Amino acid sequence: MNQILIVSEHDEISTAIEQMLTPEFRFVQDNPDYILIAARSEFSFLFTMKEKMQQEFQQTPMLFLWIEESCMHILSCSNLQYMDGRTIPKTGESLLAYLTNAFSAVHANSPAQTQKLTEIQTGMRNHFPKERQGALKVEYDNFTSIFEFVEQLASRSGQYVQMLLLSLVPSGLSADESVGEFRLARELLTEAVQQTLRKNDVLTGCSESQMLVLLMDADDDGGHFAANRICNTFFGLYDGNAYTLYYDVKPVGNQS
């Protein structure tokens, strides 16, 4: 019987998946034949966990599963260098059939793993504290990896995603364009983004005066709506006039 390790930030997701896959799979905490990383549409979570587990499970076949209201998306990895995506109906039969076929097509050749599932879950909870609010802020290199994945997802599944560029620009209305004034404006822009956006959105800094945001599940109208909310929140926090805020928003994938 195939041994599978299920990793999720939500215990109820793990329990639901186990019920779907019983009795074809045996659920283990170490030495898995295969790994399933699952989340509720949290793309940044999936990729963060990929990076965290890369050393421990480099040779173990992995599947990334994210669950939406009407369907499930799967990203399969025969190893961490090759990926392929698929959308399936949200039923236990569909998931079981897909996993059975996917796992039978690859052969695990990994050393014994010593890390326990409880340790992995503890690490995840530490990385994503429950009190975290707003968009997930990541380094630019991690953002590019998330963008690559999301672009493929949007092209294949029709998922609506928007890329938002926020730019702080001197207004020319004030003589006070000091370093301190600029830092204040930049900090308030970060706060405005965090207050306005959802946990499922992802942001990064691409220069001293610009930020990039991935707006998940947002069409063109939703992208402009989110951008305007950020601008309104920023100008509500920033009472200076040395800097103004501009934005540009474009669809990701084949939505243009």
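The structure displayed is predicted, hence computed values, not measured ones. (Residues numbered from 1 in each chain as written. Predicted model: local features only at pLDDT ≥ 70, side-chain atom pairs only at ≥ 80, totals over all residues. Heavy atoms only, no water.)

Trainee: Report on the overall build of the protein, specifying residues and quantitative values.
Mentor: Scanning the protein from terminus to terminus reveals seven helices and eleven strands. Looking at the protein as a whole, 46% of its 256 residues are labelled buried. The long-range fraction of contacts in the protein, counting pairs at least 24 apart against all pairs at least 6 apart in sequence, stands at 70%. Total accessible area computed for the protein in this model is approximately 12800 Å², and 47% of it derives from carbon and sulfur atoms. (Helix = DSSP H or I, 4+ residues; strand = E, 2+ residues; numbered from the N terminus. Buried < 20%, exposed > 50% of the residue type's maximum accessible area, 1.4 Å probe, protein only. Contact = heavy atoms within 4.5 Å. Areas by Shrake-Rupley, 256 points an atom, 1.4 Å probe, with all protein chains shown as cover.)

Trainee: Residue-level account of the packing of aromatic side chains, with values.
Mentor: Aromatic ring pairs are described here by two measures, namely the spacing of the ring centres and the angle between the planes. Evaluation of the coordinates by the stated rule reveals three aromatic pairs. Consider the rings of Phe182 and Tyr243, whose centres lie 5.6 Å apart with planes at 55°: the pair is tilted. Here Phe182 is found in helix α6 (residues 179–196), whereas its partner Tyr243 is found in strand β11 (residues 243–251), with 61 residues between them in sequence. You'll find Phe182 and Tyr243 in the same group, each marked buried. One aromatic cluster is present, formed by Phe234, Phe235 and Tyr238 through successive ring pairs. (Phe/Tyr/Trp six-rings, centres within 6.5 Å; stacked < 30°, edge-to-face > 60°.)

Trainee: How would you summarise the confidence of the model for the protein if you had to cite specific residues and measurements?
Mentor: For the protein, mean pLDDT is 78; residues scoring 70 or higher make up 73% of the total. Within the model, the stretch residues 78–83 combines pLDDT values under 50 with 14 contacts to residues more than four positions away or in other chains. When the criterion is pLDDT under 50, residues 107–114 qualifies, and its contacts beyond four places in sequence or with other chains add up to 13 contacts. (pLDDT = per-residue confidence, 0-100.)

Trainee: Could you give an account of the pattern of salt bridges, naming the residues involved and the relevant values?
Mentor: This model, assessed by the stated rule, comprises two salt bridges. Notably, a salt bridge pairs Glu208 with Arg186, separated by 2.4 Å at the nearest N-O pair. A residue pair is termed long-range when its members are at least 10 positions apart, and Glu208 in the loop between β9 (202–207) and β10 (210–216) and Arg186 in helix α6 qualify at 22 residues. Residue Glu208 is classed as exposed on the basis of its relative accessible area, which comes to 55%. The closest approach of N and O atoms between Arg198 and Asp201, which form a salt bridge, is 2.8 Å. (Salt bridge = Lys/Arg side-chain N within 4 Å of Asp/Glu carboxyl O.)

Trainee: Just give me the short version of the sheet that holds β11, but keep the residues and values in it.
Mentor: Pairing is mixed across the open sheet formed by five strands, whose spatial order is β7-β9-β10-β8-β11. Taken across any chain shown, the strands that pair with only one partner, and hence form the sheet edges, are β7 (136–137) and β11. Sitting on the sheet, α6 is in contact with β7, β8 (161–170), β9, β10 and β11, with an inclination near 155° to β8. (Pairing = 2+ DSSP bridges. Axes fitted to C-alpha atoms, helices over the stretch in contact; angles between N-to-C directions.)

Trainee: Explain the environment of Val161 to me, using residue names and the numbers behind them.
Mentor: Mapped onto the fold, Val161 is located in strand β8. Judged by its relative accessible area of 0%, Val161 falls in the buried class. Excluding anything up to four places from it in sequence, Val161 contacts Val150, Ala154, Leu214, Leu215, Met216, Ala218, Lys250, Pro251 and Val252.

Trainee: Please provide a residue-by-residue account of the environment of Asp217, values included.
Mentor: Among the secondary structure elements, Asp217 is positioned in the loop between β10 and α7 (220–237). Distance in space between the C-alpha atoms of Asp217 and Val161 is 5.4 Å, their sequence separation being 56 residues.

Trainee: Break down the nonpolar core for me, with residues and values.
Mentor: Counting residues in each nonpolar core, the largest one holds 26 residues, and the members touching the most others are Leu166, Leu189 and Phe234. Counting residues per element, this core draws most heavily on α6, which supplies six residues. Core analysis: the second largest hydrophobic core is formed by 23 residues, Leu136, Phe143, Val150 and Val202 among them. (Core = buried A, V, L, I, M, F, W, Y, C linked by side-chain atoms within 4.5 Å.)

Trainee: A description of the packing of α6 against α7 should follow, citing residues and the corresponding values.
Mentor: At a minimum axis distance of 8 Å, the contact between α6 and α7 shows a crossing angle of 130°. In terms of axis orientation, α6 runs oblique to α7. As α6 runs across α7, the sense of the crossing is right-handed. On the side of α6, the interface is formed by Ala185, Leu188, Leu189, Glu191, Ala192, Val193, Gln195 and Thr196, while α7 contributes Ala226, Arg229, Ile230, Thr233, Phe234 and Leu237. (Parallel < 35°, antiparallel > 145°, perpendicular 65-115°, else oblique. Left-handed = near helix turned anticlockwise from the far one by under 90°.)

Trainee: Hey, could you go over helix α1 (residues 11–21) for me, with residue numbers and the actual values?
Mentor: Those residues of α1 not exposed but buried are Ile13, Ser14, Ile17 and Leu21. Angularly, the buried residues of α1 cover 100° about the axis, an arc narrow enough to put them on a single face. (Arc of directions from axis to C-beta.)

Trainee: Any chance you could break down the side chain of Asp201 for me, citing the residues and the numbers?
Mentor: The topology assignment puts Asp201 in the loop between α6 and β9. By relative accessible area, which is 1% here, Asp201 ends up buried. Apart from the residues lying within four places of it in its own chain, the contact partners of Asp201 are Ala135, Leu136, Leu214, Leu215 and Met216.

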